[in-house]
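A structural walkthrough
If you want the building blocks of each chain, they are given just below.
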Amino acid sequence: EALNAGALTNDYIAEENGEEGMFATLFFGVLNPLTGNMAYVNGGHEPLFIVNQSGIRDRLNSTGPVVGMMPEMTYAIRQIELEPGDIVIGYTDGVTEAMSPDESLFGKKRFQALLEKPSSTASELIERIRQELFKHIANAPQFDDITMLAVHRESEVVE
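Description of the structure in this document.

About the criteria used
Residues numbered from 1 in each chain as written. Predicted model: local features only at pLDDT ≥ 70, side-chain atom pairs only at ≥ 80, totals over all residues. Heavy atoms only, no water. Helix = DSSP H or I, 4+ residues; strand = E, 2+ residues; numbered from the N terminus. Buried < 20%, exposed > 50% of the residue type's maximum accessible area, 1.4 Å probe, protein only. Polar contact = N/O pair within 3.5 Å; in protein donor to acceptor, adjacent residues only side chain to side chain. Phe/Tyr/Trp six-rings, centres within 6.5 Å; stacked < 30°, edge-to-face > 60°. 1 Å grid on protein atoms, 1.4 Å probe; cavity = no way out; pocket = protein on both sides within 12 Å on 5 of 7 lines; lining within 4 Å. Points joined across faces, edges and corners; volume = space filled by probe spheres on them. Nonpolar A, V, L, I, M, F, W, Y, C, P; charged D, E, K, R; others polar. Axes fitted to C-alpha atoms, helices over the stretch in contact; angles between N-to-C directions. Left-handed = near helix turned anticlockwise from the far one by under 90°. Contact = heavy atoms within 4.5 Å.

1. A short note on the side chain of E46
You can see E46 is positioned in the loop between β2 (37-43) and β3 (48-52). On the accessibility criterion, E46 (18% relative accessible area) is buried. Separated by 3.4 Å, the side chains of E46 and K108 make a polar contact.

2. Details of unusual backbone geometry
The backbone of E103 sits at a positive phi, close to 65°, despite the residue not being glycine. Along the chain, the position of E103 falls in the loop between α2 (93-96) and α3 (108-115). You can call E103 exposed: its relative accessible area is 62%. With a phi close to 50°, A138 is a non-glycine residue in the positive phi region. Position of A138 among the secondary structure elements: in the loop between α4 (122-137) and β7 (148-152).

3. Considering the packing of aromatic side chains
For the coordinates displayed, the defined rule picks out 4 aromatic pairs. Arranged with centres 5.5 Å apart and planes meeting at 20°, the rings of F27 and Y40 form a pair that is stacked. One end of the pair, F27, is in strand β1 (residues 26-31); the other, Y40, is in strand β2, with 13 residues separating them in the sequence. For F27, a relative accessible area of 25% corresponds to the partly exposed category. Judged by relative accessible area, Y40 falls into the buried class, the value being 6%. On the numbers, 6.4 Å between centres and 55° between planes, the contact of F49 with F111 is tilted. With F49 in strand β3 and F111 in helix α3, the pair connects residues that are 62 residues apart, well separated along the chain. Neither residue differs from the other here; F49 and F111 are each classed as buried.

4. Section: empty space enclosed by the protein
The full count for this structure, using the stated rule, is 1 cavity of 30 Å³ or more. Computed from the structure, the largest cavity encloses a volume of approximately 30 Å³. Lining of the largest cavity is provided by V51, N52, Q53, G85, I87, K117 and S119. Taken together, the residues of the lining of the largest cavity sort by class into 2 nonpolar, 4 polar and 1 charged.

5. A look at the packing of α3 against α4
For the pair α3 and α4, interaxial distance at closest approach is 10 Å and the crossing angle is 150°. Both α3 and α4 take part in a crossing whose hand is right-handed. Contacts between α3 and α4 involve R110, F111, L114 and L115 from the first element and L125, R128, I129, E132 and H136 from the second. Considered class by class, the residues forming the contact of α3 with α4 number 5 nonpolar, 1 polar and 3 charged.

So, in structure tokens, the structure goes:
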């Protein structure tokens with residue numbers, strides 16, 4: 001089953017690179033676009049958020065530890081229903097830990113406040129966050145990746 005990817009990835013990293021102390025976070029989801037059902041595992045990654053026109057509807061927290069620390073870790077599989085109009089957004093900690101020239105963090109509160117504002121598409125949501133984030137960063141050097149991914153379940157399925 002595809003959702004065993006968390007455990008398989010964990011064992012691979014732990015066995016091949018365990019002595020170097022390598023680890024990673026992982027989110028893996030399988031979405032049925034017709035029903036909106038999404039099964040997922042979250043291996044120590046920042047929570048993903050489900051947002052709609054009313055703001056944050058839910059968060060997809062960790063279902064297991066970061067991958068690669070020790071072999072044979074278990075990752076619970078959870079399920080959620082995405083309603084028509086829902087957007088799932090994930091991000092790396094480089095987004096919330098992005099520094100301004102005066103060395104202040106962008107922060108989780110600011111990020112979540114942007115999620116509370118209605119967005120009609122995933123690209124609109126990402127663009128709003130990107131604009132605020134890069135205004136905050138200005139010309140400050142960054143030391144981590146800045147990555148966001150959003151998926152929007154449209155109101156009607158096009159056949």
